[in-house]
Each structure stands twice: as C-alpha cells, then as structure tokens.
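Here's the letter readout for the chains.
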Protein chains: 2
Amino acid sequence: MNLPEPPYYAVIFTSSLSEDTQGYSATAERMLELAALQPGFLGVDSVRQGTEGITVSYWESEAAIQQWKQQSEHLLAQQQGREQWYRQYRLQISRVERSYCFEKE
Amino acid sequence: MNLPEPPYYAVIFTSSLSEDTQGYSATAERMLELAALQPGFLGVDSVRQGTEGITVSYWESEAAIQQWKQQSEHLLAQQQGREQWYRQYRLQISRVERSYCFEKE
C-alpha cells in the first residue's frame, strides 16, 4: 500500500467481538470494499486475532472521514455492530504527522 | 484499557514478518513490558494474524515517543527487527484528536 507524505488522517478502530458473529465477516469485507470507493480514501490495514481486531483506515481529510461515517450502508453496519457483533470497540480519529517505512532489500 | 481524553499521541506500527522469526515473540513481549515502564506511556493495542501485525501504542507527548525510540534495549530490538524479523514495516506518528468508546451493557 502506498500512502502519501503526511499530514493525512488515520481512523484507529480497535474492537472485541461478542459471541454472536453471524454475518460479521461478510459485512466487514463489504465495508472495506465500500470504504475504498469513498472520496478521500487512501488505504487500510486490518488484522484480527481471535476476538480482538485492529483496523486502521487512512484518509485525506476529516471531511472524507465524516462522509464515510454517514454512508448509508455503513450506517446500517454500524448499528448491527453495536447490536450484535461487538462486545466493545474504540474509534480514534488521528492526524498522521510523520511516517517511516522499512522494506528488506 | 483506559485512555485519557484527546489530545494524545498514537504510534501506529504495521509490520510483515520475514521467514526467520526466531526470538521474535519473546522480544516483542519484552518490548511491551519495557514500553509500559516509560514515562508518558498510556497503553497499547497489539494484534497479529499470521505474518501481518498491527501494534498501536499511546503516549502523552511526542517527547515521550522520542524517549522510547531511544531506549537502549529498544534500539537493539529495532536493529534486530530490521536485520532479521521484518520483511517490511511502517511506523506512523499521529495525534489523536477525537475518540469514541462503545461497550455492550
């Protein structure tokens, strides 16, 4: 994944799944696809280990994050997340100020 | 994990492991323990799924991040990471501006 030079924005989403994960994986995958279609989307990193997950999505601006938050299908997924899938989550909006990459030769 | 009200800082570390992971887990665990002893450390989220990992550590200030970066045992681990464990990584320093928590009742 290529990201631009900072500054840009990162949404850090950490979550713990509940026991009822019916439909979760398909919706999570669909949300990644939909997010990638949003204006201002730069990329995403997502890892899950059992019930614990971290997804970091990258955006050009706070306005782009706000638009994605209000996307209609995403709003439904957020609601189902709170009602069914998540035991808890934390969403943090942050401004990336510096970045360093390493890649083995 | 309790985090204070923003603003505070998040270090987003995304990594892909190489094939040579000898000693990696023990050092990763040790680094989490050491980080927790640093002044200005607020908490950490860390998840690994196969070779892909995301670790987000939270700090009171950029100065606290800088001090942790220069901690002597951590410097050795960084070097070994580049030489042995990591195929690639990206380190992003970000300033958390807003956060929302959800917890099921």
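The structure we're discussing is the one just above.
Okay, so let's go over this structure.

About the cut-offs
Residues numbered from 1 in each chain as written. Chains lettered and ligands numbered in written order. Predicted model: local features only at pLDDT ≥ 70, side-chain atom pairs only at ≥ 80, totals over all residues. Heavy atoms only, no water. Salt bridge = Lys/Arg side-chain N within 4 Å of Asp/Glu carboxyl O. Helix = DSSP H or I, 4+ residues; strand = E, 2+ residues; numbered from the N terminus. Buried < 20%, exposed > 50% of the residue type's maximum accessible area, 1.4 Å probe, protein only. Core = buried A, V, L, I, M, F, W, Y, C linked by side-chain atoms within 4.5 Å.

**Description of the pattern of salt bridges**
Item 1. For the structure on display, the rule yields six salt bridges over all chains.
Item 2. Here A:Glu73 makes a salt bridge to A:Arg30, at a shortest N to O gap of 2.8 Å. Taken together, the positions of A:Glu73 in helix H3 (residues 72-85) and A:Arg30 in helix H1 (residues 24-37) put the pair 43 residues apart, joining distant regions of the chain.
Item 3. Classification of A:Arg30 as partly exposed rests on a relative accessible area of 36%.
Item 4. With a closest N to O distance of 2.7 Å, B:Arg98 and A:Glu62 form a salt bridge. In this pair, B:Arg98 sits in strand E4 (residues 86-103) while A:Glu62 sits in helix H2 (residues 62-69), so the two residues belong to two different chains.
Item 5. Exposure remark for B:Arg98: the relative accessible area of 28% places this residue in the partly exposed category.
Item 6. Accessibility expressed as a relative area gives 28% for A:Glu62, which makes it partly exposed.

**A word on the environment of A:Pro4**
Residue and element names in this part refer to chain A.
Item 1. Inspection of the secondary structure assignment puts Pro4 in the segment before strand E1 (8-17).
Item 2. Judged by relative accessible area, which is 37%, Pro4 ranks as partly exposed.
Item 3. It is 20 Å that separates the C-alpha atoms of Pro4 and Glu33, two residues lying 29 residues apart in sequence.

**Let's talk about the nonpolar core**
Item 1. Counting 20 residues, the largest nonpolar core has A:Ile12, A:Val56, A:Tyr58, B:Ile12, B:Val56 and B:Tyr58 as the members making the most contacts within it.
Item 2. Where this core is concerned, the elements lending two or more residues are E1, strand E2 (41-49) and strand E3 (52-59) of chain A together with strand E1 (8-17), strand E2 (41-49) and strand E3 (52-59) of chain B.
Item 3. With 12 residues, the next largest nonpolar core counts B:Val11, B:Ala35, B:Phe41 and B:Ala77 among its residues.

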